[in-house]
Amino acid sequence: MTGGSMLPAASSTTGAEYKHYEGRITVYVLLTCLLAACGGLMFGYDIGISGGVTSMDDFLQKFFPTVLANKRKVGASKNAYCKYNNQKLQAFTSSLYIAGLVSTLFASLVTRRYGRRPTMLIAGLCFVLGVLFNTSAQNLLMLILGRVLLGWGVGFANQAVPLYLSEMAPTKWRGGLNILFQLAVTIGILFANLVNYFTGKVAPQGWRISLGLAGIPAALLTIGGIFLPETPNSLVQRGKLEAGRTVLRKIRGIDNVETEFKDLQIAATADAELIQNPFKNVLLQRRYRPQLIISVLLQFFQQFTGINAIMFYAPVLFQTIGFASNASLYSAVITGAVNVLSTVAAIVVVDKVGRRLLFLEAGFQMFIAQTAIAGILGTAMKNTPSTALSHSLGVLVVVLVCVYTSSFAWSWGPLGWLIPSEIFPLDVRSAGQSIAVSVNLFFTFLIAQVFLSLLCTFKWGIFLFFAAWVMVMQAFVLLFIPETKGVPIEEMELVWTRHWFWKRYFKMQPMQNHINCCNNNNTDLPSADQLIKLDSNLTSLTAAADSNSLQSTQNNITANSATLVQMG
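Every value quoted in this text rests on a predicted model; they were computed, and no experiment measured them.

Colleague: I keep staring at the overall build of the chain and nothing clicks. Help me out?
Modeller: A tally of helices and strands in the chain yields 29 helices and zero strands. Across the 568 residues that make up the chain, the buried fraction comes to 60%. Across the chain, the fraction of contacts at a sequence separation of at least 24, relative to all contacts at a separation of at least 6, is 81%. Carbon and sulfur atoms make up 64% of the accessible area of the chain, which amounts to about 21000 Å² in all.

This is the structure we're talking about:
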């Protein structure tokens, strides 16, 4: 939380409780969040569909004939880990993510100036256009252009949807409702794997059906962008106070929302109006350093768990280790189902056990699964492509991939999007989310672009590579990620002031924010150094901010200024 709204809590003890706003979870807010989460459905469908169509011979014959020829030539003298290693094929997968990276910078501006809903509408339209290009593609240029349009949709959707869910959700259920985005991602992946399983048998145009069915989630998101309400946070930030109050009453299911609405007003007016360049502020100002560092590293670490490497290329990966084409897609469907069920588990428990415990448990589970997969592949396959896994070992690898996928699905998957969307204060929330999405898409692009080459180089050691990163993540979570369960989104700054490391970035920050707010209203005030000398007066000023209006607080400060003059 920022600005004057921090003052009531500033005088509290370290163990003070956070505010608890009135309200309940309503059918209305559930429906709006479900429709908004369709942005995740599109993102997940694309992740799942890419690996499926790139393992279809008809698709490879039309766009990547050299890959198909290489695949058919694989024999005892050829390294099986390298049979899909082709930069153009990797460009098909990764072009979407570099386009998303660029688009999210524009999406931040749209989200801040015009709201979360218009941003989702733009995302839906980009998705629809991308689907049309991909489905009708006659050459590689059309195919990649369609992927670029889908990338713009991903950038706008990933910018707006997590913010929308966090701001619409009641504090008590914010974690679970925000994870609806990740649940939609996992459902999209599963749906894509099921589609690929059946369209792989439809020659020679099955791949067009796979790419064309992406129009379903694209249409749902477009409809959501037209009919969904704007978030109260965005409405208040843009000066639409009565509209914000009306939406807040509707989504909370009660008439008395004044406490929460007052905090939204304070957060919006105390700092947001002072921000001329939110990107510059979030990158350079010290008080945003903890949120920025955590958000950037969460996105980096999320990709270096290795999850997207497996999800992008699951069918290819299973074919590489000896599964037949249909069997590999079937195995990918199994892992997709595990992904969905585990994300549902995250929705149920995240607001009960908290974020940190899910991170830490999942880290050990991922490490064990990855090292076990590496051991099996290293022992059974070595470097020879003609060596396929036995049936029992193949089943064991699928089980271990499911163990790994489940741990990711209730930790780094949903929490990597949840935490950045809830920790930034309102004045830079859109810019902070944009940076988080950009970093995520950059490393998603990087992994998509180099994974097949890494698989060719490291072979089974690729799983040890990602397992080593998982242990680094464990240390980071243990030391530097605070618990945000049950903290109102506009009081999040209290989390940092109580953390053993991050509190150094917030010394006297709440009072300084309030002074800045009052100075913005052209009130002559004493300096911060003078106020600090008056410890007893600081206490009264803090209480005044809690019980009186901003004008009363300014009067108290002015009175204390006179006292300082007399003392001088």
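That was the structure; now back to the text.
Colleague: Explain the pattern of salt bridges to me, please; I cannot follow it from the model alone.
Modeller: Opposite charge on two side chains lets them pair, provided their charged atoms get close. Under the definition given, this model contains 11 salt bridges. In this structure, Glu167 engages Arg116 in a salt bridge whose closest nitrogen and oxygen atoms are separated by 2.7 Å. Placement of the pair is Glu167 in helix 8 (residues 140-168) and Arg116 in helix 7 (residues 116-135), with a sequence separation of 51 residues. For the residue pair Glu167 and Arg116, the accessibility class agrees, reading buried in each case. Two residues, Glu167 and Arg429, come together in a salt bridge whose shortest N-O distance is 3.0 Å. A residue pair is termed long-range when its members are at least 10 positions apart, and Glu167 in helix 8 and Arg429 in helix 23 (residues 429-458) qualify at 262 residues.

Colleague: Would you explain helix 2 (residues 27-36) in this entry?
Modeller: In an α-helix there are 3.6 residues to a turn, and that puts residues three or four apart on one side. What helix 2 keeps buried is the set Val29, Thr32, Cys33 and Ala36. The buried side chains of helix 2 occupy one side of the element, clustering within an arc of 95° when seen end-on. In this structure, helix 2 carries Val27 and Leu31 as exposed residues pointing more than 90 degrees from its buried face.

Colleague: What should I look at first to understand the nonpolar core in this one?
Modeller: Nonpolar side chains in soluble globular proteins tend to end up buried together. Counting 132 residues, the largest nonpolar core has Phe59, Phe64, Phe127 and Trp412 as its most contacted members. Broken down by element, this core gets its largest block of residues, 11 residues, from helix 23. Beyond its immediate chain neighbours, meaning those up to four positions away, Phe64 contacts Phe59, Asn86, Lys88, Leu89, Phe92, Leu140 and Leu143.

Colleague: Sorry, what's going on with the packing of aromatic side chains here?
Modeller: In this structure the tally under the stated criterion is 31 aromatic pairs. A centroid spacing of 4.6 Å and a plane angle of 55° characterise the contact between Phe359 and Trp412, whose relative ring orientation is tilted. Placement of the pair is Phe359 in helix 20 (residues 355-380) and Trp412 in helix 22 (residues 412-423), with a sequence separation of 53 residues. Comparing Phe359 with Trp412, the two get one shared label, buried.

Colleague: Explanation requested: the environment of Ile481 in the structure shown.
Modeller: Tracing the backbone through its elements, the reader meets Ile481 in the loop between helix 24 (461-480) and helix 25 (493-497). For the pair formed by Ile481 and Pro290, sequence separation is 191 residues and the distance between their alpha carbons is 9.4 Å. Each residue touching Ile481, except ones within four places of it in the same chain, is listed here: Ile294, Leu298, Arg356, Phe359, Ile419, Phe476 and His499.

Colleague: Got a minute to help me understand the packing of helix 6 (residues 87-114) against helix 8 in this structure?
Modeller: Relative orientation and spacing of two packed helices are given, respectively, by the angle between their axes and the distance between those axes. Remark: helix 6 packs on helix 8, axes separated minimally by 6 Å, with the N-to-C direction vectors making an angle of 40°. What the angle tells us is that helix 6 and helix 8 run oblique. Once helix 6 is placed against helix 8, the crossing between them reads as right-handed.

Colleague: Got a minute to help me understand the environment of Leu479 in this structure?
Modeller: In this fold, Leu479 is placed in helix 24. Spatially, the C-alpha atoms of Leu479 and His499 are 9.8 Å apart, while their sequence positions differ by 20 residues. Leave out the neighbours within four places in its chain, and Leu479 touches His499 and Trp500.

Colleague: Help me out: how do you make sense of the packing of helix 17 (residues 289-303) against helix 24 in this one?
Modeller: Closest axis-to-axis distance for the helix 17/helix 24 pair is 10 Å, and the angle between their directions is 155°. Put simply, helix 17 runs roughly antiparallel to helix 24. With respect to the hand of their crossing, helix 17 and helix 24 are arranged in left-handed fashion. Contact with helix 17, carried on its side by Ile294, Leu297, Phe300, Phe301 and Gln303, involves Phe466, Trp469, Val472, Met473, Phe476 and Phe480 of helix 24 and no other residues of that element. Each residue belonging to the contact of helix 17 with helix 24 can be placed in one class, and the counts come to 10 nonpolar, one polar and no charged.

Colleague: Would you take a moment to explain a nonpolar patch on the surface for this structure?
Modeller: Taken together, the side chains of Phe191, Ile216, Leu220, Ile223, Ile226 and Phe227 present a nonpolar region at the surface, about 550 Å² in accessible area. By relative accessible area, which is 33% here, Leu220 ends up partly exposed.

Colleague: Would you mind going over the side chain of Thr186 with me for this structure?
Modeller: Residue placement: Thr186 occurs in helix 10 (residues 180-199). Taking the relative accessible area as the measure of exposure, Thr186 reaches 0% and is therefore buried. When sequence neighbours within four positions are dropped, the list of residues in contact with Thr186 reads Gly336, Asn339, Val340 and Thr343.

Colleague: How do you make sense of helix 3 (residues 38-53) when you look at a structure like this?
Modeller: Between its first and last C-alpha, helix 3 extends 22 Å over 16 residues, near the 22 Å set by a 1.5 Å rise per residue. Summarising burial for helix 3: 16 of the 16 residues are buried, a large majority.

Colleague: What is the right way to look at the confidence of the model for the chain in this model?
Modeller: Where the model shows low pLDDT, its predicted coordinates should not be examined in detail. With 77% of its residues at a pLDDT of at least 70, the chain reaches an overall mean of 79. Element-level pLDDT for the chain is lowest in helix 1 (residues 7-10), with a mean of 33, against a maximum mean of 94 in helix 17. Low pLDDT (under 50) marks residues 1-16, which in the prediction has 39 contacts with non-local residues, meaning those over four places away or in another chain. Overall, residues 556-568 carries pLDDT values under 50, and its contacts beyond four positions in sequence, including any with other chains, amount to 16 contacts.

Definitions and cut-offs
- Residue numbers run consecutively from 1 along every chain, following the written order of its sequence.
- Under the rules for a predicted model, residues below a pLDDT of 70 receive no local features and side-chain atom pairs below 80 are neither given nor counted, while totals for whole chains, interfaces and linings still include all residues.
- The side-chain numbers reported here are obtained from all heavy atoms of the structure, hydrogens and water having been left aside.
- Counting from the N terminus, the helices are DSSP H or I runs at least four residues long and the strands are E runs at least two residues long.
- A 1.4 Å probe rolled over the protein chains alone gives each residue an accessible area, and that area as a share of the maximum for its type sets the label: buried under 20%, exposed over 50%, partly exposed in between.
- The criterion used for residue contact is that any of the two residues' heavy atoms lie within 4.5 Å.
- All accessibility values rest on the Shrake-Rupley procedure with a 1.4 Å probe; residue burial counts only the protein chains present in the view.
- What counts as a salt bridge is simple: a side-chain nitrogen of Lys or Arg found within 4 Å of a carboxyl oxygen of Asp or Glu.
- Within this analysis, the arc is defined by the directions that extend from the helix axis to the C-beta atoms.
- Grouping buried Ala, Val, Leu, Ile, Met, Phe, Trp, Tyr and Cys residues that are joined through side-chain atoms within 4.5 Å yields what is termed a nonpolar core.
- Centres within 6.5 Å make a pair out of two Phe, Tyr or Trp rings, where for Trp the six-membered ring is used; the pair is then stacked when the planes are under 30 degrees apart, edge-to-face when over 60, and tilted otherwise.
- Fitted lines through C-alpha atoms give the axes, limited to the stretch in contact for helices. The angle between two N-to-C directions lies from 0 to 180 degrees.
- Note that the term roughly parallel is reserved for angles under 35 degrees, roughly antiparallel for angles over 145, roughly perpendicular for angles of 65 to 115, and oblique for everything else.
- When the near helix sits turned anticlockwise from the far one by under a right angle, the crossing is termed left-handed; a clockwise turn instead gives a right-handed crossing.
- Under the grouping applied here, Gly and all other residues not named as nonpolar or charged are polar, the nonpolar ones being Ala, Val, Leu, Ile, Met, Phe, Trp, Tyr, Cys and Pro and the charged ones Asp, Glu, Lys and Arg.
- A residue counts toward a patch only above 30% relative accessible area and without a salt bridge, and it is joined to like-charged neighbours within 9 Å or, for Val, Leu, Ile, Met, Phe, Trp and Tyr, to nonpolar neighbours within 5 Å.
- Helix span, expected: 1.5 Å multiplied by one less than the number of residues in the helix.
- The predictor attaches a confidence to each residue, and that confidence, scored 0 to 100, is pLDDT.

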